[in-house]
Amino acid sequence: MSESDGDGGAGADTDGGEEWTLPDDLESVQEALIAWYEGDHREFPWRRTDDPYEILVSEVMSQQTQLDRVVSAWEAFLERWPTTAELADADRADVVGFWTDHSLGYNNRAKYLHEAAAQVETEYDGEFPTEPDELQELMGVGPYTANAVASFAFNNGDAVVDTNVKRVTYRTFSIPDDDAAFESAANDLMPDGESRVWNNAIMELGGVACTQTPRCDEVGCPWREWCGAYASGDFTAPDVPTQPSFEGSRRQFRGRVIGTLREYDELELDTLGHRIRVDYAPGGEYGREWLTGLLTDLEDDGLVDIDDPESGAEDELVARLRR
DNA sequence: ATCCCGCGTG
DNA sequence: CACGCGGGAT
């Protein structure tokens, strides 16, 4: 109904955009996937709620962490902060501390979640908006998360496009490795008004069947009869940019700073330095200068405060988690 | 080593 | 548009 009904790819090939088409019997394609998903799928607790806050928490956690590890963190988080009102009232340091305690990584996202809860309270009167465009106004909520929340909470989303959906559509229907093409194809595939089950189903397909090393027959992939990769045996997938190594990285030391301040409340800078790396030496290669660089970045991110000490007349600076 | 349901900022 | 952002599991 929106654009390019059924016949896929932007016809004009002027800017190098490649041609692609979806099968004629889209309805069969759709029914096959939904039947496969409803027949059997992994049971995650967030698939049994339609509370937008609970969904949002699960989505933010899932962006960075394997789903199996998210389950216990999600349950503990919602037990501690069951509503946006309660999360908004929490100290940021406690939310970031929770994130670290549960090894959820990327502490910025704890801050985003905390801020999003405050936005819901102050800007939306405690009620989540239901449209993807409005949801995207929330801190830390981009196009993917907005459609996920709109879909799973309100059955009111567009097709989600994540790395799973890209891989599945690239292989099955030979959609070119191009974001606009993926988005268009994903939306053409999705049956109108069924974003909740559809987005769950296509991501489940990417998660258990159309994996890096595919398991088409083992899990009975419902799209084998339409799948270009299954026919050709070429299961190449779009490149996902590989991360620089973590060991010894700046990221690793940021994580140690947060974890250490979580444990000690407030620490003088050199003490903190020694805690986070054994080769810390105030005047050395990794010393005061290196540490303050790290800390000012964390301060700019809103995660850490650098202050004069509360007591005493000393001028040694201390660091602590921002409340 | 590589993977894992993106996002905000410069 | 490129870049930085954690860390457990395998």
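Residues numbered from 1 in each chain as written. Chains lettered and ligands numbered in written order. Predicted model: local features only at pLDDT ≥ 70, side-chain atom pairs only at ≥ 80, totals over all residues. Heavy atoms only, no water.

K.L.:
Can you walk me through the protein's contact with DNA strand B in this structure?
P.N.:
For DNA strand B, the set of nearby residues contains 21 residues, the closest of which are Glu59, Gln66, Arg109, Tyr144 and Thr145. The protein-proximal atoms of DNA strand B, defined as those within 4 Å of the protein, are 67% sugar or phosphate. Contact distances for DNA strand B include 2.8 Å between a base oxygen and a side-chain N or O atom of Gln66. A distance of 3.4 Å is found between a sugar or linking oxygen of DNA strand B and a side-chain nitrogen or oxygen belonging to Tyr112. Element by element, the count of residues in the surface near DNA strand B is highest for helix 8 (residues 143-154), at three residues. A class-by-class count of the residues in the surface near DNA strand B yields seven nonpolar, 10 polar and four charged. (Near = heavy atom within 4 Å. Polar contact = N/O pair within 3.5 Å; in protein donor to acceptor, adjacent residues only side chain to side chain. Helix = DSSP H or I, 4+ residues; strand = E, 2+ residues; numbered from the N terminus. Nonpolar A, V, L, I, M, F, W, Y, C, P; charged D, E, K, R; others polar.)

K.L.:
Would you mind going over the sheet that holds strand 1 (residues 266-268) with me for this structure?
P.N.:
For sheets, the rule is that strands pair by backbone hydrogen bonds, running either parallel or antiparallel. One open sheet accounts for three strands, arranged 1-3-2; its pairing is antiparallel. Because the sheet does not close on itself, it has two edges, and the strands there are strand 1 and strand 2 (304-307). Adjacent strand axes in the sheet meet at a mean angle of 25°, parallel and antiparallel pairs treated alike. Note: strand 1 against strand 3 (residues 318-321), three bridges, orientation antiparallel. Opposite Leu267, over in strand 3, you have Ala319 as the bridge partner. (Pairing = 2+ DSSP bridges. Axes fitted to C-alpha atoms, helices over the stretch in contact; angles between N-to-C directions.)

K.L.:
Explanation requested: the packing of aromatic side chains in the structure shown.
P.N.:
Where two aromatic rings form a pair, the distance of their centres and the angle of their planes describe that pair. A complete count under the given rule lists 10 aromatic pairs for this structure. Ring geometry for Phe77 and Phe98: centres 5.2 Å apart, planes at 85°, overall edge-to-face. Placement of the pair is Phe77 in helix 3 (residues 67-80) and Phe98 in helix 5 (residues 92-101), with a sequence separation of 21 residues. With respect to burial, Phe77 and Phe98 carry one shared label: buried. Pairing Phe253 with Trp290 gives two aromatic rings, centres 5.3 Å apart and planes at 90°, and the pair type is edge-to-face. Of the two residues, Phe253 sits in helix 13 (residues 250-264) while Trp290 sits in helix 15 (residues 288-300), which places them 37 residues apart along the sequence. Residue Phe253 is classed as buried on the basis of its relative accessible area, which comes to 7%. The exposure class of Trp290 is buried, given its relative accessible area of 17%. The rings of Phe77, Trp81, Phe98 and Trp99 are connected pair by pair, giving a single aromatic cluster. Directly above the aromatic system of Tyr106 lies the positively charged group of Arg109, at a separation of 4.8 Å from the ring centroid. The ring centre of Tyr286 lies 3.7 Å from the NZ or CZ of Arg277, which sits over that ring. (Phe/Tyr/Trp six-rings, centres within 6.5 Å; stacked < 30°, edge-to-face > 60°. Buried < 20%, exposed > 50% of the residue type's maximum accessible area, 1.4 Å probe, protein only. Lys NZ or Arg CZ within 6 Å of the ring centre and 35° of its normal.)

K.L.:
What am I meant to see in the UniProt feature "domain: HhH-GPD" (unreviewed entry) in chain A here?
P.N.:
In the UniProt entry, the feature "domain: HhH-GPD" (unreviewed entry) is given for residues 61-208. As annotated, residues 61-208 comprises 68% helix and 0% strand, and the C-alpha atoms at either end are separated by 19 Å. (UniProt positions renumbered as here; feature names shortened; annotations may be inferred.)

K.L.:
Which parts of the structure should I look at to understand the pairing of strand 3?
P.N.:
Consecutive residues of a regular strand have side chains that alternate between opposite faces of the sheet. Neither face of strand 3 is open: one carries Val318 and Arg320, the other Ala319 and Leu321, and all of them are buried. With four bridges connecting them, strand 2 and strand 3 associate as antiparallel partners. When the sheet's bridge partners are listed, Ile306 is paired in strand 3 with Ala319.

K.L.:
Please explain the domain arrangement of chain A as it appears in this structure.
P.N.:
Interfaces are often sized by the accessible area lost when the parts come together. Entries for chain A in the domain assignment read domain 1 (26-42 + 159-232), domain 2 (50-154) and domain 3 (250-321). Contacts between the two partners involve 11 residues from domain 2, matched on the other side by nine residues from domain 3. With both chains or domains summed, domain 2 and domain 3 bury close to 820 Å², and 54% of this area falls on carbon and sulfur atoms. Our enumeration of links across domain 2 and domain 3 arrives at one salt bridge. (Domains from an automatic or database assignment. Contact = heavy atoms within 4.5 Å. Buried area = accessible area lost by both parts, 1.4 Å probe. Salt bridge = Lys/Arg side-chain N within 4 Å of Asp/Glu carboxyl O.)

K.L.:
So what exactly am I meant to see when it comes to the nonpolar core here?
P.N.:
Membership of the largest hydrophobic core comes to 89 residues, with the highest contact counts inside it found for Met61, Phe77, Trp223, Leu295 and Val304. The residues touching Met61, leaving out its near neighbours within four places in the chain, are Val70, Ala73, Trp74, Phe77, Phe98, Trp99 and Leu104. (Core = buried A, V, L, I, M, F, W, Y, C linked by side-chain atoms within 4.5 Å.)

K.L.:
I keep staring at the protein's contact with DNA strand C and nothing clicks. Help me out?
P.N.:
In the vicinity of DNA strand C, 16 residues are found, and the nearest of them are Gln64, Gln66, Tyr106, Asn107 and Arg254. Restricting attention to atoms of DNA strand C within 4 Å of the protein, one finds that 57% of them are sugar or phosphate atoms. Contacts to DNA strand C include Arg251, whose side-chain N or O atom sits 3.1 Å from a base nitrogen. The element that contributes the greatest number of residues to the surface near DNA strand C is helix 13, accounting for five residues. Classifying every residue of the surface near DNA strand C gives three nonpolar, nine polar and four charged.

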